[in-house]
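# Breakdown of the fold
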Amino acid sequence: RDEGEAWVSCRSPGKPTLYGRLTRRGLSSEGVPDIAASEGFVKSILISCPHENVSTKFLAPYTNFCRIHQKSITCLDISSGGGLGVSTSTDGTMKIWQAANGEIRRQLEGHVYDVNCCRFFPSGLVVLSGGMDAQLKIWSAEDASCVVTFKGHKGGILDTAIVDRGRNVLSCSRDGTARLWDCGKSACLGVIADCGSPVNGIAMGTADNSLNLGVPEKAPSEREIGTEGKILLLAREDKKLQGVGLRSRQPVFLFIGCDAFNCCTFLSSTYILAGTQDGNIYHLDVRNMNAPIQVIHRSGAPVLSLLPYRDGFIASQGS
């Protein structure tokens, strides 16, 4: 608004926080708002603080869908072709919608209690979900039918992963286990890890060639497809980040952080990220897990999700 103000602050670890304000002074002849920044801040497309050599780029959303859910969104995914979105909410619903305009296409009903996680299969025609009812379900995005239900977990499912094209899928749970499932037979192929502590998030990636992934104690099922050479990351509630050979079920590494790990992801076959409840993002090299490459800390708000993006990553926090 004209004469309106916004507060800005620049916080660098170990230094006093700098505070400033932005003030709108009217419109230019081209209709662009004329905004002045207080001393110490420079205003452009970026808001920067040259003294601290930092800047932040503010992006306005080009689309905003307000009517898909009535309460907080807990998980969402976009199909590989970009046409459809799927999301879950604390209002208890899971919906499929058009990514272009937010038009709701399907409501997926069948879980008891909250649905915690959802994701599209690579085909974009099928959705995988996990809920507090300890059930893992596969849905048709075309007619909203539930085509498979997996049962075996003893606690709510907190995250999932899809192996290659999706003949096998993975899940982790509050019961402390991560499990591998065969979609065609609707059966559990095995417990990949039993941690004794809730597993809040998982990520699967191709292992670096230098890693010893271990050898299976018994021959894997012929129904196990695409697990060779893969490593599974487990973000655990007991402050541990664990790597397990997906085919062998053998532990590869164990890293201990300062608080519960909420999420993890692969940046490459060598580098991984993991986020904790106390706001730390650990950047790690799987070849040397003795110490992190760096620990990124922007605020004490929990790190809730991590996503590789171009040469970096996107993180969401509870703030």
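This text goes with the structure placed above it.
Report on the accompanying structure. Model, not experiment: these values are computed from the prediction.

For the protein, the helix and strand inventory stands at 0 helices and 28 strands. Taken along its principal axes, the extent of the C-alpha atoms in the protein is 70 × 50 × 30 Å. Taking all 319 residues of the protein together, the buried fraction comes to 44%. Within the protein, residue pairs in contact and separated by at least 24 positions form 39% of the contacts whose partners lie at least 6 positions apart. Between the averaged position of the 33 positive side-chain charges in the protein and that of its 31 negative side-chain charges there is a distance of 2 Å.

Despite not being glycine, A144 shows a phi value in the positive range, around 70°. Mapped onto the secondary structure, A144 falls in the loop between β13 (135-140) and β14 (146-151). At R249, a residue that is not glycine, the phi angle is positive and equals roughly 65°. Tracing the sequence through the fold places R249 in the loop between β21 (240-245) and β22 (251-256).

This model, assessed by the stated rule, comprises 10 salt bridges. The partner of E52 in a salt bridge is K15, and the shortest N-O contact between them spans 3.2 Å. With a gap of 37 residues between them, E52 in the loop between β5 (46-49) and β6 (54-57) and K15 in the loop between β1 (5-10) and β2 (18-27) connect regions that are remote in the sequence. For E52, a relative accessible area of 16% puts it in the buried group. Between E224 and R247 there is a salt bridge, with the nearest N and O atoms lying 3.3 Å from each other. Pair noted here: E224 is in the loop between β19 (199-206) and β20 (230-236) and R247 is in the loop between β21 and β22, with a separation of 23 residues, a long-range link. Take R247: its relative accessible area is 21%, and that puts it in the partly exposed class. Where salt bridges share partners, they join E224, E228, R247 and R249 into one cluster.

With that settled, the discussion passes to the nonpolar core. Counting 19 residues, the largest nonpolar core has L241 and I272 as the members making the most contacts within it. Put simply, the parts of the chain that give this core at least two residues each are β20, β22, β23 (261-266), β24 (271-276) and β25 (280-285). Apart from the residues within four sequence positions on either side, L241 is in contact with L234, A235, F253, L254, F255, F261, C264, I272, A274, L284 and M289. Formed by 15 residues, the second largest nonpolar core is a distinct cluster that contains L180, I192, C195 and V199.

Further remarks concern the sheet that holds β21. The pairing of strands in a sheet comes from backbone hydrogen bonds and takes either a parallel or an antiparallel form. If you walk across this open sheet you meet the 4 strands as β19-β20-β21-β22, and the pairing is antiparallel. On the outer flanks of this sheet lie β19 and β22, each paired with one strand and no other. Averaged over neighbouring strand pairs, the angle between their axes works out to 15° when direction is ignored.

So, on to the packing of aromatic side chains. Counted by the stated rule, this structure contains 5 aromatic pairs. Look at F150 and W181: their rings are 5.1 Å apart centre to centre, the planes differ by 40°, and that puts the pair in the tilted class. Linking F150 in strand β14 with W181 in strand β17 (residues 177-182), this pair joins segments that are 31 residues apart in sequence. W181 carries the same exposure label as F150, and that label is buried. A network of ring pairs unites the aromatic residues F255, F261 and Y282 as a single cluster.

Conventions and cut-offs
Residues numbered from 1 in each chain as written. Predicted model: local features only at pLDDT ≥ 70, side-chain atom pairs only at ≥ 80, totals over all residues. Heavy atoms only, no water. Helix = DSSP H or I, 4+ residues; strand = E, 2+ residues; numbered from the N terminus. Buried < 20%, exposed > 50% of the residue type's maximum accessible area, 1.4 Å probe, protein only. Contact = heavy atoms within 4.5 Å. Lys, Arg positive; Asp, Glu negative; His and termini not counted. Charge placed at Lys NZ, Arg CZ, Asp CG, Glu CD. Salt bridge = Lys/Arg side-chain N within 4 Å of Asp/Glu carboxyl O. Core = buried A, V, L, I, M, F, W, Y, C linked by side-chain atoms within 4.5 Å. Pairing = 2+ DSSP bridges. Axes fitted to C-alpha atoms, helices over the stretch in contact; angles between N-to-C directions. Phe/Tyr/Trp six-rings, centres within 6.5 Å; stacked < 30°, edge-to-face > 60°.

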